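# Fold and geometry: a report
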Amino acid sequence: MRHPVVMGNWKLNGSKEMVTNLLTGLDAALAGVEGVDVAVAPPVMYLDLAQRLISQGNSNIILGAQNVDVNASGAYTGDISPEMLKDFGASHIIIGHSERREYHHESDEFVAQKFAFLKEHGLTPVLCIGESEAQNEAGETVAVCARQLDAVIKTQGVEALNGAIIAYEPIWAIGTGKAATAQQAQEIHAAIRAHIASFSAEVAKNVVIQYGGSVKAGNAAELFAMPDIDGALVGGAALDAEGFAAIAKAAAEAKK
Ligand SMILES: O=C(CO)COP(=O)(O)O
């Protein structure tokens, strides 16, 4: 049975005060919650503070980050390495988010390089895939997701997906309040899993596939009721401790 993972992607939001309030509130709101891995990805500036707050709390919040670069050290101004993320206890690292693919022109190949680099350093890639509205309307959703996955599978082997997390995030659903319906998302998740199964049934059975895009406390339960939706990558709703904890609880409840 796959263990659900609910992760908050805080994007470019935060201050020392906000990080303190959010993590303190989340720790309290998650008291007694079991059966779901809960992770947060603050901006890297706040990893140190987040690590300290999490270690003082009682719930096992997993620390993550929103990006990694592809060099280990040296003359790469502005870059962040896997070992630096590890140094602050961050284990679950988001790569290939559509905002980075779009605003930073990250290609499938570059994202795959990041994937390999994270694995090499023992970190968990949270690989985002997903189609634009135009691609969706053109019926290209599954082909786009398969192409984004194949950049990893065909260069690193399908076993590279063992222990990694895939986040299916349709771009048209991100920050729009227009989430995919549970049925729509299930259909694509099943197709993604079937694509992976065409390489290895075992890997496909075990890989966690999160849904992301306007997940809220109000639609989480119906999404998690779907057999191939193993958790969520949450943006806006992850900035509220109670609301985010409610999403995590819905995952724990649905996957009992
Ligand atoms: O991009 C997302 C998570 O990575 C989803 O963002 P929203 O939950 O704000 O739609």
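Scoring rules and cut-offs
- Residue numbers restart at each chain and count upward from 1, following the sequence in its written direction.
- Where local features are concerned, this predicted model is filtered to residues with pLDDT of at least 70; where side-chain atom pairs are given and counted, the filter is 80 or more; whole-chain, interface and lining totals use all residues.
- For side-chain calculations, the full set of non-hydrogen atoms in the structure is used, while hydrogens and water are omitted.
- UniProt positions are given in the numbering used here, feature names are shortened, and annotations may be inferred rather than shown by experiment.
- By the convention used here, residues are in contact when the closest approach between their heavy atoms is within 4.5 Å.
- Strands are runs of DSSP state E lasting at least two residues, helices are runs of H or I lasting at least four, and both sets are numbered from the N terminus onward.
- The term polar contact refers here to a pair of N or O atoms within 3.5 Å; inside protein, the definition further demands a hydrogen-donor-capable atom paired with an acceptor-capable atom, and it admits residues adjacent in sequence only when both atoms are side-chain atoms.
- Residues are counted as near a molecule or strand when any one of their heavy atoms sits within 4 Å of it.
- A 1.4 Å probe and the Shrake-Rupley method give the accessible areas. Residues count as covered only by the protein chains that appear here.
- All amino acids are sorted into three groups, where Ala, Val, Leu, Ile, Met, Phe, Trp, Tyr, Cys and Pro are nonpolar, Asp, Glu, Lys and Arg are charged, and the leftover types, Gly among them, are polar.
- The buried label goes to any residue with under 20% of its type's maximum accessible area, the exposed label to any with over 50%, and the partly exposed label to all in between, with areas taken from a 1.4 Å probe on protein chains only.
- Read the arc as the range of directions from the helix axis to the C-beta atoms.
- Two strands are counted as paired when DSSP detects at least two bridges linking them.
- Every axis corresponds to a line fitted to the C-alpha atoms, with the helix fit spanning only the stretch in contact, and the corresponding angles, defined between N-to-C directions, vary from 0 to 180 degrees.
- The scheme is simple: roughly parallel for angles under 35 degrees, roughly antiparallel for over 145, roughly perpendicular for 65 to 115, oblique for anything else.
- If you view the pair so one helix is near and one far, a crossing is left-handed when the near helix is turned anticlockwise from the far one by less than a right angle, and right-handed when it is turned clockwise.
- With the strands pointing away from the viewer, any crossover whose connection runs clockwise from the first strand over the helix to the second is right-handed.

According to UniProt, the feature "binding site: substrate" (unreviewed entry) maps to N9, W10, K11, G175, S214, G235 and G236 in the numbering used here. In sequence the annotated residues extend across 228 residues, while in space they remain close, none of their C-alpha pairs exceeding 13.9 Å. Once you skip the residues sitting within four places of it in the chain, W10 turns out to touch V19, L22, L23, V40, A41, P42, P43, Q66, A238 and L239. The residue S214 is located in the loop between strand 7 (208-212) and helix 10 (217-224) in this model. Not counting the four nearest positions on each side in its chain, S214 is found in contact with A173, G175, T176, G177, K178, A179 and N219. Within the structure, the side chain of S214 is placed 2.7 Å from the backbone oxygen of A173, a separation counted as a polar contact.

This paragraph deals with the site of the ligand. Around the ligand lies a shell of 13 residues, among which K11, H97, E169, G175 and S214 are the nearest. One of the side-chain nitrogen or oxygen atoms of N9 is found 3.0 Å away from an oxygen atom of the ligand. Within the side chain of E169, an N or O atom sits 2.9 Å from an oxygen atom of the ligand. Within the complex, the protein chains bury 96% of what would otherwise be the 310 Å² of accessible surface of the ligand. Classifying every residue of the shell around the ligand by side-chain character gives 4 nonpolar, 7 polar and 2 charged.

Here helix 2 (residues 47-56) has its buried residues at L47, L49, A50, L53 and I54. What you see down the axis of helix 2 is that its buried residues fit within an arc of 160 degrees, all on one side. Looking at helix 2, the residues exposed on the side facing more than 90 degrees away from the buried face are S55 and Q56.

So, about the environment of G139. The residue G139 is located in the loop between helix 6 (133-137) and helix 7 (141-156) in this model. A sequence separation of 72 residues divides G139 from N67, and the C-alpha atoms of the two residues are 29 Å apart.

The next thing to look at is the pairing of strand 7. Burial within strand 7 is extensive, with 5 of its 5 residues counted as buried. Burial of strand 7 is two-sided: the residues V208, Q210 and G212 facing one way and the residues I209 and Y211 facing the other way are all buried. Direction of pairing for strand 6 (residues 165-168) relative to strand 7: parallel, over a ladder of 4 bridges. The residue bridging A167 from the neighbouring strand is Q210, located in strand 7. Relative to strand 8 (residues 231-234), strand 7 runs parallel, the two sharing 2 bridges.

Following both chains from N to C, one finds helix 1 (residues 16-29) and helix 2 inclined at 25 degrees, their axes separated by 10 Å at the closest point. Considering the angle they form, helix 1 stands roughly parallel to helix 2. As helix 1 packs across helix 2, the resulting crossing turns out to be right-handed. The residues of helix 2 that touch helix 1, namely those facing K16, V19, T20, L23 and T24, are L49, A50, L53 and I54. Taken together, the residues of the contact of helix 1 with helix 2 sort by class into 6 nonpolar, 2 polar and 1 charged.

Let us now look at the pairing of strand 8. Of the two faces of strand 8, the one holding G231 and L233 and the one holding A232 and V234 are both buried throughout. Bridging between strand 1 (residues 5-9) and strand 8 involves 4 bridges; their strand directions are parallel. Bridge pairing links M7 to L233 in strand 8. Once you follow strand 7 into helix 10 and on to strand 8, the crossover reads as right-handed.

It is the contact of helix 5 (residues 108-120) with helix 7, at a shortest axis distance of 9 Å, that shows an interaxial angle of 50 degrees. With respect to helix 7, the axis of helix 5 lies oblique. For the element pair helix 5 and helix 7, the recorded crossing hand is right-handed. In this structure, helix 5 contributes D108, E109, A112, F115 and A116 to the contact, and helix 7 contributes R147, Q148, A151, V152 and Q156. Here the residues of the contact of helix 5 with helix 7 sort into 5 nonpolar, 2 polar and 3 charged.

Read once around its circumference, the closed barrel built from 8 strands follows the order 1-2-3-4-5-6-7-8, with strand pairing classed as parallel. Each neighbouring strand pair of the sheet contributes to a mean axis angle of 25 degrees, computed without reference to strand direction. In terms of strand pairing, strand 4 (residues 92-95) meets strand 5 (residues 124-129) through 4 bridges, oriented parallel. Directly across from I95, in strand 5, lies its bridge partner L127. Seen against the sheet, helix 7 touches strand 5 and strand 6 and runs at an angle of roughly 150 degrees to strand 5. Those strands touched by helix 8 (residues 182-197) are strand 5, strand 6 and strand 7, and its axis lies near 150 degrees from that of strand 7.

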